[in-house]
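Each chain, written out:
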Amino acid sequence: MTARIIDGKAAAAELRAEIGREVAALEAAGKPVPGLHVVLVGEDPASKVYVASKEKLAAEIGMNSVAHRLPAETTEAALLAKIAELNADDGVDGILVQLPLPKHIDTGRIIDAIDPAKDVDGLHPINAGLLAGGKTGLVPCTPLGCMLLLKQALPSLSGLEAVVIGRSELVGRPVAQLLLQADCTVTIAHSRTRDLPAVVKRADIVVAAVGRPRMVKGDWIKPGATVIDVGINRMPDGKLAGDVDYAQAAEVAGAITPVPGGVGPMTIACLLRNTLTAYRARRG
Ligand SMILES: Nc1nc2c(c(=O)[nH]1)N[C@@H](CN(C=O)c1ccc(C(=O)N[C@@H](CCC(=O)O)C(=O)O)cc1)CN2
């Protein structure tokens, strides 16, 4: 069997175009356009690329897109002051602080300072709590992207066995909550899970979010399963690899996301969707 490729690049382009039409309709009605503000601290090369991409794609669909680039030596107090300024600005609908932050800054303290109504990353404890309670707040972008791809790939998720590998606050935990909301039977596997291959083998849906290149092997996958690979690992040759051994898994799975071109592009499209959601919740 050769798996169907789930094309995240195409799905993301379609989602951005749809949001762009909604932004154009707001503008045509004489309303302000949504404002997305992304904060980058320091010079991490990958973060610089992601922030530039967020800035460009938000502007491309007509949003008011602003990137705040702060030096690596920025203090926690200065970053908190920047967030307070953005929280208080009525023209700001979405605030995202690019992660990882430099080590001298406490990430939790920064996330907690963002107005939950503007937290388009969905990481604030209020939004995480709403998600854990099965309610709708702002949902983290990558998990939201995984769900949109799964809903596109499968006729129904109800009753399916889902195994999420990884328990991070950014991906593993929220995607597990979303799968539960979609009536899947969910297992969160992690570094202490015993016999991980056997756990993964019973899954109809596998979401790999561990950050270890090609860790999930083809013979771990149940024939016909849907595989969502969240890993984006830069290899010594400069190429990207996912957390799943794609060549092996594609021989067994029913459908699979590639890396690059799978979940990654959905992350930014979902950020734009969250910005529009935050705008509508605040401004109608
Ligand atoms: N505050 C946040 N920080 C980070 C998040 C996040 O959701 N919020 N996620 C990642 C980085 N990220 C967005 O910020 C991101 C990662 C990957 C992609 C993407 O489109 N990847 C492409 C490949 C790009 C490449 O060549 O490097 C793909 O997979 O096809 C977009 C956004 C960590 N930080």
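Residues numbered from 1 in each chain as written. Predicted model: local features only at pLDDT ≥ 70, side-chain atom pairs only at ≥ 80, totals over all residues.

Caption draft 1: Structural detail: the site of the ligand. Around the ligand, 17 residues are found, and the nearest of them are Tyr50, Leu99, Pro260, Gly264 and Thr267. Those elements that provide at least two residues to the shell around the ligand are strand S4 (94-97), helix H6 (141-153) and helix H10 (263-283). Broken down by element, the shell around the ligand gets its largest block of residues, 4 residues, from H10. Across the shell around the ligand, the residue classes break down as 11 nonpolar, 5 polar and 1 charged. (Near = placed C-beta within 6 Å. Helix = DSSP H or I, 4+ residues; strand = E, 2+ residues; numbered from the N terminus. Nonpolar A, V, L, I, M, F, W, Y, C, P; charged D, E, K, R; others polar.)

Caption draft 2: Layout of the environment of Val252. Examined against the element boundaries, Val252 turns out to sit in the loop between helix H9 (246-249) and strand S11 (255-256). Look at Val252 and you get buried, because 20 C-beta atoms sit within 10 Å. (Buried ≥ 20, exposed ≤ 12 C-beta atoms within 10 Å, placed from the backbone.)

Caption draft 3: A look at the domain arrangement of the protein chain. With domains assigned, the protein chain is organised as domain 1 (30-115) and domain 2 (141-264). Domain 1 and domain 2 are separated by 29 Å when their C-alpha centres are compared. (Domains from an automatic or database assignment.)

Caption draft 4: Expanded view of the UniProt feature "domain: Tetrahydrofolate dehydrogenase/cyclohydrolase NAD(P)-binding" (unreviewed entry) in the protein chain. In the numbering used here, UniProt assigns the feature "domain: Tetrahydrofolate dehydrogenase/cyclohydrolase NAD(P)-binding" (unreviewed entry) to residues 140-281. In residues 140-281, the share of helix is 37% and the share of strand is 17%. The end C-alpha atoms are 17 Å apart. (UniProt positions renumbered as here; feature names shortened; annotations may be inferred.)

Caption draft 5: Structural view of the sheet that holds strand S2 (residues 35-41). On the basis of which strands lie adjacent, the open sheet formed by 3 strands has the order S3-S2-S4 and parallel pairing. Edge positions in the open sheet fall to strand S3 (64-70) and S4, since each of these has one partner strand only. Each adjacent strand pair in this sheet contributes to an overall mean axis angle of 15°, direction not counted. Pairing geometry for S2 and S3, over 7 bridges, is parallel. Each residue of the ladder has a partner; that of Leu40, found in S3, is Arg69. Sitting on the sheet, helix H3 (residues 76-88) touches S2, S3 and S4, and the angle it makes with S2 is about 180°. (Pairing = 2+ DSSP bridges. Axes fitted to C-alpha atoms, helices over the stretch in contact; angles between N-to-C directions. Contact = placed C-beta atoms within 7 Å.)

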